[in-house]
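So you can see what is in the structure, the chains are spelled out below.
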Amino acid sequence: MQHWLMKTEPDTFGIDDLARVKVEPWTGVRNYQARNFMRDQMKVGDRVLFYHSNATPPGVAGLAVVKRTGVVDATQFEPSSPYYDPGSKRDDPRWICVDVEFVEKLPRLIALDELRANPALDGMVLLQKGSRLSVQPVSAAHYKAVLAMAKKAAPKAKAAR
DNA sequence: GCCAACGTTGGC
DNA sequence: GCCAACGTTGGC
């Protein structure tokens, strides 16, 4: 089983939205590397860190699981969609995604700052400079380390001096 | 709103 | 196939 991190903007679709709908097709990814991870490597049952980007603060908000693979992203054929791709053919769709299922909302958000400060997460794709991939692999050790952080209280803010 | 980093497009 | 111009991502 592999582990992943998937980014989403909570203003558009966050962990509370996933909790409500339970299962969501991960449409709208238009980056080939991200698509390839979903299309070629994700397996049903893979665990997912659900990450809030463009948020205050950004961070890991919850957990999800891959429910179904080989899902054709319907938005590529919808001319009114911002994700419409006129170059994609119905009999050979370019954008394949997965269904993501809600597992849990973490007891607290693990902020990006806190992730960066944890030496156990050195090398995590998310933390690499310039990393923008919205679907990315996470090692089992890094996944575990994030879960461990969720169980502990948030570190206190540094006192002003 | 800014901007660094990265990806894509298209002329040549 | 190169690469400049442009668009997007996402933290700040």
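Report follows, based on the coordinates. (Residues numbered from 1 in each chain as written. Chains lettered and ligands numbered in written order. Predicted model: local features only at pLDDT ≥ 70, side-chain atom pairs only at ≥ 80, totals over all residues. Heavy atoms only, no water.)

**Some points on the overall build of chain A**
Step number 1: In terms of regular secondary structure, chain A is built from five helices and six strands.
Step number 2: Along chain A, helices and strands appear, N-terminal first, in the series β-α-α-β-α-β-β-β-α-β-α.
Step number 3: Over its C-alpha trace chain A gives a radius of gyration of 16 Å, about what one expects of a compact globule, namely 15 Å for 161 residues.
Step number 4: The dimensions of chain A, computed from C-alpha atoms along their principal axes, are 60 × 30 × 30 Å.
Step number 5: Considering chain A as a whole, with its 161 residues, one finds that 44% of them fall into the buried category.
Step number 6: Residue pairs at least 24 apart in sequence account for 72% of intrachain contacts in chain A once pairs closer than 6 positions are excluded.
Step number 7: Accessible area of chain A: about 9,200 Å², with a carbon and sulfur share of 51%.
Step number 8: Charge-centre separation for chain A: the mean point of 24 positive side chains lies 7 Å from the mean point of 18 negative side chains. (Helix = DSSP H or I, 4+ residues; strand = E, 2+ residues; numbered from the N terminus. Rg over C-alpha atoms; globule rule 2.2 N^0.38 Å. Buried < 20%, exposed > 50% of the residue type's maximum accessible area, 1.4 Å probe, protein only. Contact = heavy atoms within 4.5 Å. Areas by Shrake-Rupley, 256 points an atom, 1.4 Å probe, with all protein chains shown as cover. Lys, Arg positive; Asp, Glu negative; His and termini not counted. Charge placed at Lys NZ, Arg CZ, Asp CG, Glu CD.)

**Focus on the nonpolar core**
One broad rule of soluble globular proteins: the nonpolar side chains tend to lie buried together.
Step number 1: Among the nonpolar cores identified, the biggest contains 23 residues, and Met6, Trp26, Met38, Met42 and Val135 are the most heavily contacted of them.
Step number 2: Secondary structure elements with two or more residues in this core: strand E1 (3-8), helix H2 (15-21), helix H3 (32-41), strand E3 (47-52), strand E4 (59-72) and strand E5 (96-111).
Step number 3: One finds Leu49, Tyr51, Leu115 and Val138 within the second-largest nonpolar core, a separate group that totals 19 residues. (Core = buried A, V, L, I, M, F, W, Y, C linked by side-chain atoms within 4.5 Å.)

**As for the protein's contact with DNA strand B**
Step number 1: Every residue close to DNA strand B is listed here: Tyr32, Lys129, Gly130 and Arg132.
Step number 2: Close to the protein, within 4 Å, the atoms of DNA strand B belong to sugar or phosphate groups at a rate of 69%.
Step number 3: In the model, a phosphate oxygen of DNA strand B is placed 2.9 Å from a nitrogen or oxygen of the Lys129 side chain.
Step number 4: Side-chain polar atom of Arg132 to a base oxygen of DNA strand B: 2.7 Å apart, as the coordinates give it.
Step number 5: Across the surface near DNA strand B, the residue classes break down as one nonpolar, one polar and two charged. (Near = heavy atom within 4 Å. Polar contact = N/O pair within 3.5 Å; in protein donor to acceptor, adjacent residues only side chain to side chain. Nonpolar A, V, L, I, M, F, W, Y, C, P; charged D, E, K, R; others polar.)

**Notes on the protein's contact with DNA strand C**
Step number 1: By nearness alone, every residue bordering DNA strand C is listed as Lys7, Tyr51, Ser53, Asn54, Pro58, Leu112 and Arg132.
Step number 2: Put simply, 68% of the atoms of DNA strand C that lie within 4 Å of the protein are in sugar or phosphate.
Step number 3: Lys7 is positioned such that a nitrogen or oxygen atom in its side chain is 2.9 Å from a phosphate oxygen of DNA strand C.
Step number 4: Contact between DNA strand C and Arg132: a phosphate oxygen at 2.7 Å from a main-chain N or O atom of the residue.
Step number 5: Of the residues that constitute the surface near DNA strand C, the class distribution is three nonpolar, two polar and two charged.

**Things to note about helix H5 (residues 140-151)**
Step number 1: Taking 1.5 Å per residue as the helical rise, H5 with its 12 residues ought to reach 16 Å, and the 17 Å between its terminal C-alpha atoms agrees with that figure.
Step number 2: Burial in H5 covers these residues: His142, Tyr143, Ala145, Val146, Met149 and Ala150. Relative to the axis of H5, the buried residues are bounded by an arc of 165° and lie together on one face. Opposite its buried face, H5 presents the exposed residues Ala141, Lys144 and Lys151, each directed more than 90 degrees away.
Step number 3: Packed against the buried residues of H5 are E1, E3, E4, E5, helix H4 (112-117) and strand E6 (135-138). (Expected span 1.5 Å × (residues − 1). Arc of directions from axis to C-beta.)

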